[in-house]
Every structure is written in C-alpha cells, then in structure tokens.
Protein chains: 2
Amino acid sequence: MFPTTDADGRPLLATLKDVARLAGVSVKTVSNVVNGYEFVKPDNRRRVEEALATTGYRPNIGARNLRRGRTGSLALVLPELSIPYFGEMAGLVLEAAGEHEWNVLIEQTLGTRDRERSTLAALGPHMIDAAIVSPEALHARDFDQLDPGIPVVMLGEHSVDVPIDHVGIDNVLAATVATSHLVELGRRRIAAIGAHPYRGTATQRLDGYRAALTAAGLPLRHEYIVQALNYHRRDGADAMAHLLSLPEPPDAVFCFNDLLAIGALRAAAEHGVSVPRDVAVVGFDNNEESAYSMPSLTTIAPDKAAIAHSAVDLIRRRININGGQNLAPEDVQTPFSLEIRESTR
Amino acid sequence: MFPTTDADGRPLLATLKDVARLAGVSVKTVSNVVNGYEFVKPDNRRRVEEALATTGYRPNIGARNLRRGRTGSLALVLPELSIPYFGEMAGLVLEAAGEHEWNVLIEQTLGTRDRERSTLAALGPHMIDAAIVSPEALHARDFDQLDPGIPVVMLGEHSVDVPIDHVGIDNVLAATVATSHLVELGRRRIAAIGAHPYRGTATQRLDGYRAALTAAGLPLRHEYIVQALNYHRRDGADAMAHLLSLPEPPDAVFCFNDLLAIGALRAAAEHGVSVPRDVAVVGFDNNEESAYSMPSLTTIAPDKAAIAHSAVDLIRRRININGGQNLAPEDVQTPFSLEIRESTR
DNA sequence: TTGAAAGCGCTAACAG
DNA sequence: CTGTTAGCGCTTTCAA
C-alpha cells in the first residue's frame, strides 16, 4: 500500500508520474484533475482520483512554484515579534495571508536601519512574491535594495518619501484625538512621551499632540516633550520619572505607544503619584495587556485586523494587475478608536 | 548593464546560464564558484566573479532546493502569536533557525485540537524539512497526520506519549520551586490556578504544586485548585475572583502562567485585596510585561533562548544523521530560574 | 579542472 | 478530451 518506504526506510513520495502510471493515464490528465480542470472524461477522473487516494499524493509545491514562476510566500518584515504590537499584527497577517494560500516568512530587523536594509536586500526575488514591511529606521533610498519587481506595502510608517503602497491609521488625527481627550478632562499641563529624531510616526503623533494643544489654546512647553529613542517599557518609565522631577510636573501624559505608557504607569506609582488623579495617561496601540494594567490604560486602538487585510489586498491587486508596475501607489487609511479606561477616568 | 529589464519593463533575473555565457565558461564552473568549490582555475574564477557582479546574480533558492530535495524551511506550530509567551518564543526560534539558513513558516492553531491536527496534515513533506510544535490539545495518534519522514520536536508539552524529540523545562520541579517559595514566605493557604483536564503541562505543574505542599506538611484543599480552560488574563481574573469569594480565601496563589497571574492581580485589586500583603502571587513564563505589572510579578523564568536553540539543534541532528529515523528520541531539559519580584515581597 | 547532459516534480504549449 | 514534450534554475554524475 502507498505511501510506502524504500530500502532505507525513507518514505517514498508519490509524484504525478507515479499517479499517472497507476491510473493508466498521462501526467497531463492527472495534473488536470489535481488542478481542478473541468474537462476530464469521468471515467479517467475516477481512476485518477482513486490513484490519488491510494498513493496519498501531495503536490510538490516547490516544483509547482518553480514552474509557475512564483514562490507562494510573502515576507513580513518587522522589528521584533516579542513586541506585543508586532506579535499581534503578525498573527493577523498570517491569518489574512493564509486565506489566499500564502506562506509568510517573518524577518526581524530589531529596528536597526542596517538590519532593515540587509533584510530587504536578502529578500531575493526568488524567495517571495511580495513584502509587507513595518519600517522603523528606513530611508527612502534603502528601498533600492529590493528588487523592483516585488510589490511592497508599508505598514504604519509613511514618512519615507517613496512611491510605495501604504496602510495605517491617520496618526496625526489619532494623536489629536488622544490629546483632546486629556484636554476635555480638564488637564492643562499635558506632556508627550515618544518624540523621535527621524521616526515618521513619532513626528506625526507629535504634530497631532501640538495641534490639539493649540486648538485648546494651551501653550506648547518644550520641557513637556520627552524624547524616547526606544519604545520599550523601560524608556517610558525613565521619561515619566524625568517629567515628575520637573518643578511643575504635568497633570497628563500622552505616550506614543502602550509600552511607554505601561512604563510611565509604573514610574508614577514608584513616585507616589496617583493615576489618573494626579496625572492621567493615554497610550497608543491598544495592546492586549493594556486592558489589564493597573490602572487599565486609555489608548488609541487601531483596527489591526483591517490593517492586515488591507495590506494583503494591496498586494493581491499589484500581483494580479500585470506586474503591478505603473499602478499608482495607494494609501489606505484604516479606522481607529479611542478606548477609554481607568487611566483617564 | 545588468540587472536589466525586458520589453515589458519587468526585471530580468540572471540565471546560472546567463552568467556562464557572459563569463565564457560552463554552468558547472559558475555553480562551483557560487558554491565555494575550491578547485577552480584562478583565471576562470575571476571571470566568473566579474560576471556574477555585473549580472547581480542571485541563486534561485526554490530551484536549488528542488534539486537538493530539501525545502529550506522549518514549520513552527504554535497556538497564537499574540500570546506574549509564543511571540517571544517565535522571535527566538526565528533567530536560532536563521543561523542555519532556515526560513520559518509559522502556523497558528489557536489551541484547538482540530486546527493542530489539520495543520500537521497540511505540512506536506514538500513544504518543510522539519517542524517545531508547541501543542496544546494534541493526542498521541494525531502525529500520524504528519509525514513520518519529517523530524518533529515538541516544545513544552510532553504528556503526549509519542516517540518524539522534546525540549522544555522540568515543569514538576519548577512548580515545586514556585510553590515552595510561597511556603517559605510563611503562607499556609496556597491556591493554584490553571488546572486543566488534559493539558500535560497543567498536570505536571499541579503535581509540582501538590508535592511542595505535601513536603511542607500542608493539607491539599481541593477548593484551592481552580481549573482554567484557557490561559488568558480574563481566566485568571475569574479564577481569582472565585478564590476571594471563598469562606476562607487563600493567602497565596500559584498561577500556571503569567497571563493568569496578571488577571489574578487585577481581580485582587478590584476586590480590595492587597498583593502581596493579603495574598502573594507567583506566575510562570516570565513574560516581559511581568516585570512591569503592578505589583511586578514573581515568576518562573524558563530560559527561552535555550529552548529555541535546543529545538533547532535537535532538528539538525536528525536531519544530518541519515533520515533521522532509528535515532532514539531525546528529551532535553533546559534551565529555568525563579524571578522574585514585588508580588511575593 | 571543467563541460555536457540528465533530471528534481511540475505546468503548459502543442498536437492529435 | 488527453498524450508528448519542453523547460522552470539548479546540482551533480560522468567523461574528457
């Protein structure tokens, strides 16, 4: 009985030819059946299907892709899977890509431009059909690294001035919403944690923060804008500690991601400052943990599933339309909401 | 100049043959150079290297693998990337596999036996060279789904009685250490959250918990053992709420993972119960967030990097030694430590 | 030391 | 409707 093993005890994989021989037809007919081609003589179809079953035939995807000139894989390039936001996004991209029979090759760049560049370069045209990139430090010309025939969609970051599809939320607007929420709470000394010299989303969120303050007639105080070179919990704690040491500490803080905010919560507690009474805190990303922090965190909640699906759709569009060249780059804005929790109640 | 584009503007990828023609040698010679074969006439080598450079040649990995009969990919089968433990593990496995030029195909099972089974079945022998599986609900015979020629290593879970390589920490011992820590704190009413009808690690952790109580001469009280069908934060909160409603609530809780513990911390706070004063809490996994929860969480910290590396090493061993068949299954125990933080101080 | 050629498993003209 | 056959790009005998 099939599948069987050879002399060495290794499993013997049935090929199209094996199936054809067993069914007494040509490989073409078997291929037709396997690929759901309609016009196959019923009798042959039956015999082929039987042979398929007894051999336990499984197509060799590698060979098929070689022949078809595609790889069946997408690359997902992101800083680090251990960062909750990217872990959650990756899971959703996996699901979305799976619906179209794509495998996803995940590459971690650890957020350094060097690794982002070399990853793009290593993504040979033979490895992947397209790439979804969540850049952190990339410059425009770094995209030369990538084979021009490969469709790319960028997630989140959009400052890089390069004609590439992009999907993400309106960061400026979201930051305005977050900051305005603090204003409406009656807070007047509102700080921001997460300014960054060249990260595009940071710039946009800072713009939104500034816009909200200006709209409310509040002064922009430079000492309330704290830079964060990394966006980990520790950085948030450090920044918050700094803010609380100011002569006139803020009564509210808008953090550019949830990890910074979680760190800020801890620093506040360690300084004996009560959240939200003394200082209200808003985050950004809506990580799952933010609903369970103490206090739970008010945060901007991007529709991550929508981001994942839009990214995959953009890719499909480019792959289906000729080579995807000469198609104007699209910029998809996905929805977000403000999730109000204890840190601002 | 290469790489160039054809009439349609599509990039033209140089093949071995192109390079050979340009260098005026045979494909064999080019192949030799590309693969670092030593004995190539210096003059030819130079010409080939020049041609390689001007064409921007990149080997077609798919074709190479087809010919070599390998795929260059590992499967990593886990419940969900959005769960911090698995996000962190996945990142480490990616790194470890990358050191040996393996791509990693991540498959999410969402922890259901059905999806775990179908995932194993779909992992055709042509897609991957081996699989790293972190099972949650798998039964022994589900492994029949997988092609017998494919080496598998199981992570964490080891109850499934099947002759397969395994790597993980000693769950019984770790649970004993965690529980004994609570005993040493002077706690006498120690509860456990996370019992599960068929999850192997749950059984082992429960065993360790029982052993520690018995060793300390403490009674086993069945009302202190709370089942959790899922291991999310919500389940921990529910379980803790239940425990606190008992006539005689516990003065310590050992949670079978950090998410349960995080949920437990929140429920305690909501019930006005102070941690660790009224009830001490220990978790398991050492998720990054546990160092920043309020209070920070004492937890069992498995050496995750060691797990990832051991898993990849076990696979390499099986792939290098013949087909890996007839090699006794190995059980690698990786180190762990008890990370003591505020929740037990 | 290198060339010629076979063939990994599959798809897709092209005949018939 | 189906068989034959030519490759996809690469590695690898086998000879030379």
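Quick caveat, the model's predicted, so the values are computed rather than measured.

*Asks:* Before we go on, may I ask you to explain the overall build of chain A in this structure?
*Replies:* When helices and strands are tallied, chain A shows 11 helices and 12 strands. Scaling as 2.2 N^0.38, a compact globule of 345 residues should have a C-alpha radius of gyration of about 20 Å, whereas chain A reaches 26 Å, well beyond that. Across the 345 residues that make up chain A, the buried fraction comes to 54%. In chain A, the proportion of contacts linking residues at least 24 apart, taken out of those at least 6 apart, comes to 68%. Carbon and sulfur atoms form 51% of the exposed surface of chain A, whose accessible area is close to 14,800 Å². Across chain A, 34 positive and 43 negative side-chain charges occur, with their mean positions spaced 5 Å apart.

*Asks:* Quick question: what am I supposed to make of the sheet that holds strand β6 (residues 190-195) of chain B here?
*Replies:* Strand-to-strand pairing in sheets goes through backbone hydrogen bonds, with the strands running parallel or antiparallel. All names here are of chain B. As summarised here, the arrangement of the six strands in space is β7-β6-β8-β9-β10-β12, forming an open sheet in which the pairing is mixed. Among the strands making up the open sheet, the edge pair consists of β7 (225-227) and β12 (336-339). Strand-to-strand, the axes of this sheet are offset by a mean angle of 15°, without reference to chain direction. Here strand β10 (residues 298-302) runs beside β12; their pairing, made up of four bridges, is antiparallel. Bridging across to β12, Ile 300 finds its partner in Leu 338. Each of β6, β8 (252-255), β9 (280-284), β10 and β12 touches helix α7 (residues 171-184); the most contacted strand, β9, lies at about 165° to it. Contacting β6, β7, β8 and β9, helix α8 (residues 200-215) crosses the sheet at an angle of about 170° to β6.

*Asks:* It is not clear to me how the nonpolar core should be interpreted in this structure. Could you clarify?
*Replies:* The nonpolar side chains of soluble globular proteins are, as a tendency, buried together. The biggest cluster of nonpolar side chains holds 58 residues, and the ones touching the most others in it are Leu 81, Ile 106 and Ile 132 of chain A together with Leu 81, Ile 106 and Ile 132 of chain B. With near-sequence residues (within four places) excluded, Ile 132 of chain A lies in contact with Leu 74, Ala 75, Leu 76, Val 77, Val 93, Val 153, Leu 155, Ala 311, Val 312 and Ile 315 of chain A.

*Asks:* Would you explain the protein's contact with DNA strand C in this entry?
*Replies:* The immediate surroundings of DNA strand C are formed by 23 residues, with Tyr 57 and Arg 64 of chain A together with Ser 26, Thr 29 and Asn 44 of chain B found nearest. In the interface set of DNA strand C, defined as its atoms within 4 Å of the protein, sugar plus phosphate atoms amount to 72%. Interatomic distance of 2.5 Å between a side-chain N/O atom of Thr 29 of chain B and a phosphate oxygen of DNA strand C. Ranked by residue count, the leading element in the surface near DNA strand C is helix α4 (residues 61-68) of chain A, at four residues. A per-class count over the surface near DNA strand C returns eight nonpolar, seven polar and eight charged.

*Asks:* So what exactly am I meant to see when it comes to the UniProt feature "domain: HTH lacI-type" (unreviewed entry) in chain A here?
*Replies:* The UniProt record marks residues 14-68 of chain A with the feature "domain: HTH lacI-type" (unreviewed entry), using the residue numbering of this structure. Annotated as residues 14-68 of chain A, this span is 69% helix and 0% strand, and its ends, taken at the C-alpha atoms, are 21 Å apart.

*Asks:* Got a minute to help me understand the packing of aromatic side chains in this structure?
*Replies:* Each aromatic ring pair is specified by the distance between its two centres and by the angle formed by the two planes. Summed over all chains, the structure comprises eight aromatic pairs over all chains. When the ring of Tyr 37 of chain A is compared with that of Phe 39 of chain A, the centres are 5.9 Å apart and the planes differ by 75°; the resulting orientation is edge-to-face. Taking relative accessible area as the criterion, Phe 39 of chain A reaches 64% and is therefore assigned exposed. Residues Tyr 85 of chain B and Phe 86 of chain B carry aromatic rings whose centres are separated by 5.3 Å and whose planes lie at 80° to one another, so their mutual orientation is edge-to-face. Given a relative accessible area of 10%, Phe 86 of chain B falls into the buried group. Taken together through their ring pairs, the aromatic side chains of Phe 254, Phe 256 and Phe 284 of chain A make up a single cluster. Above the plane of the ring of Phe 284 of chain A lies Arg 205 of chain A, whose end atom (NZ or CZ) is 3.6 Å from the centre.

*Asks:* Would you mind going over the protein's contact with DNA strand D with me for this structure?
*Replies:* Not every one of the 24 residues close to DNA strand D is listed here, only the nearest: Thr 29 and Asn 44 of chain A together with Tyr 57, Arg 64 and Arg 67 of chain B. Ser 31 of chain B is positioned such that a nitrogen or oxygen atom in its side chain is 3.3 Å from a phosphate oxygen of DNA strand D. Between Ala 63 of chain B and DNA strand D, the recorded distance is 3.4 Å, taken from a backbone N or O atom to a base nitrogen. Listed by contribution, the elements that provide at least two residues to the surface near DNA strand D are α2 (27-34) and α4 of chain A together with α2 (27-34) and α4 (61-68) of chain B. The residue makeup of the surface near DNA strand D, split by class, is nine nonpolar, seven polar and eight charged.

*Asks:* Whenever I open this one, the interface of chain A and chain B confuses me. Can you help?
*Replies:* Residue-level contacts link 51 residues of chain A with 50 residues of chain B. In this assembly, chain A packs against chain B so that about 4,400 Å² is buried in total across both faces, 58% of it on carbon and sulfur atoms. By the criterion of area lost to chain B, the three top residues of chain A are His 126, Arg 266 and Tyr 292 of chain A, representing 18% of everything that side buries. Counting across the interface, chain A meets chain B through four salt bridges. Between Arg 266 of chain A and Glu 342 of chain B there is a salt bridge, with the nearest N and O atoms lying 2.7 Å from each other. If you look at where chain A meets chain B, you find 10 residue pairs in polar contact (both at pLDDT 80 or more). Listed by contribution, the elements that provide at least two residues to the side of chain A that touches chain B are α4, α5 (84-98), β2 (103-108), α6 (113-122), α9 (233-244) and α10 (258-270) of chain A.

*Asks:* Help me out: how do you make sense of the sheet that holds strand β6 (residues 190-195) of chain A in this one?
*Replies:* Residue and element names in this part refer to chain A. Strand order in the open sheet formed by six strands is β7-β6-β8-β9-β10-β12, with mixed pairing between adjacent strands. On the outer flanks of this sheet lie β7 (225-227) and β12 (336-339), each paired with one strand and no other. On average, each strand axis in the sheet is inclined to that of its neighbour by 15°, with strand direction left out of account. As paired strands, β6 and strand β8 (residues 252-255) are joined by four bridges and run parallel to one another. Bridged to Ile 193 within β8 is Cys 255.

*Asks:* Can you help me understand the pairing of strand β1 (residues 73-78) of chain A in this one?
*Replies:* Two faces, one strand: in a regular strand the side chains alternate between the faces of the sheet. Residue and element names in this part refer to chain A. Most of β1 is tucked away, with six of its six residues classed as buried. On β1, burial covers both faces: Ser 73, Ala 75 and Val 77 on one face and Leu 74, Leu 76 and Leu 78 on the other are all buried. Examined bridge by bridge, β1 and β2 share six bridges and lie parallel to one another. Pairing of Ala 75 across the sheet is with Leu 105, part of β2. This β-α-β element, β1 to α5 to β2, shows right-handed connectivity.

*Asks:* Any chance you could explain helix α1 (residues 16-23) of chain B here in plain terms?
*Replies:* It helps to recall that an α-helix has 3.6 residues per turn; residues three or four apart then point in one direction. Residue and element names in this part refer to chain B. Those residues of α1 not exposed but buried are Val 19, Ala 20 and Ala 23. The buried residues of α1 occupy one face: seen down the axis, they fall within an arc of 100°. Along α1, the residues that are exposed and aim more than 90 degrees away from the buried face are Lys 17 and Arg 21. Contacts from the buried residues of α1 go to α2 and α3 (42-55). Just past α1, the residue Gly 24 takes up positive phi, approximately 70°.

Definitions and cut-offs
- All residue numbers refer to positions counted from 1 along the written sequence of the respective chain.
- Note on labels: chains are lettered from A, ligands numbered from 1, in written order.
- Selection of residues for local features in this predicted model requires a pLDDT of at least 70, selection of side-chain atom pairs for listing and counting requires 80 or more, and totals for whole chains, interfaces and linings are taken over all residues.
- Derived side-chain values reflect all non-hydrogen atoms in the structure, with water molecules and hydrogen atoms excluded from consideration.
- Only DSSP runs of H or I with at least four residues qualify as helices, and only runs of E with at least two residues qualify as strands; both kinds are numbered from the N terminus onward.
- The globule rule is 2.2 Å times the number of residues to the power 0.38, and the radius of gyration it is compared with is taken over C-alpha atoms.
- Buried, partly exposed and exposed residues are distinguished by accessible area as a fraction of the type maximum, computed with a 1.4 Å probe on protein chains only: under 20%, between the cut-offs, and over 50%, respectively.
- The contact rule is simple, with two residues in contact once any of their heavy atoms fall within 4.5 Å.
- Using the Shrake-Rupley algorithm and a 1.4 Å probe, accessible areas are obtained, with residue cover drawn only from the displayed protein chains.
- Charged-residue counts in this description rest on Lys and Arg as positive and Asp and Glu as negative, His and the chain ends being excluded.
- In plain terms, the charge of a residue is placed at NZ if it is Lys, CZ if Arg, CG if Asp and CD if Glu.
- A pair of strands counts as paired when DSSP detects no fewer than two bridges linking them.
- For helices, the fitted axis covers only the stretch in contact; all axes are lines through C-alpha atoms, and the angles between them, taken along N-to-C directions, range from 0 to 180 degrees.
- We define the nonpolar core as a collection of buried residues of types Ala, Val, Leu, Ile, Met, Phe, Trp, Tyr and Cys that are connected through side-chain atoms lying within 4.5 Å of one another.
- Residues are counted as near a molecule or strand when any one of their heavy atoms sits within 4 Å of it.
- We call two N or O atoms a polar contact when they sit within 3.5 Å, provided that within protein one can donate a hydrogen and the other can accept it, with sequence-adjacent residues counted only if both atoms are side-chain atoms.
- Following the grouping adopted for this structure description, the nonpolar residues are Ala, Val, Leu, Ile, Met, Phe, Trp, Tyr, Cys and Pro, the charged ones are Asp, Glu, Lys and Arg, and the polar ones are all others, Gly among them.
- UniProt positions are given in the numbering used here, feature names are shortened, and annotations may be inferred rather than shown by experiment.
- Only Phe, Tyr and Trp rings take part, Trp by its six-membered ring, and two of them pair if their centres are within 6.5 Å. Stacked means planes under 30 degrees apart, edge-to-face means over 60, and tilted covers everything else.
- Whether a charge lies above a ring is judged from NZ of Lys or CZ of Arg, which has to be within 6 Å of the ring centre and within 35 degrees of the ring normal.
- Here the quantity called buried area is the total loss of accessible area, with a 1.4 Å probe, experienced by two parts when brought into contact, counted for both.
- By convention in these notes, a salt bridge is any Lys or Arg side-chain nitrogen within 4 Å of a carboxyl oxygen on Asp or Glu.
- Look down the strands so they point away from you; if the path from the first strand over the helix to the second goes clockwise, the crossover is right-handed.
- To obtain the arc, one takes the directions from the helix axis to the C-beta atoms.

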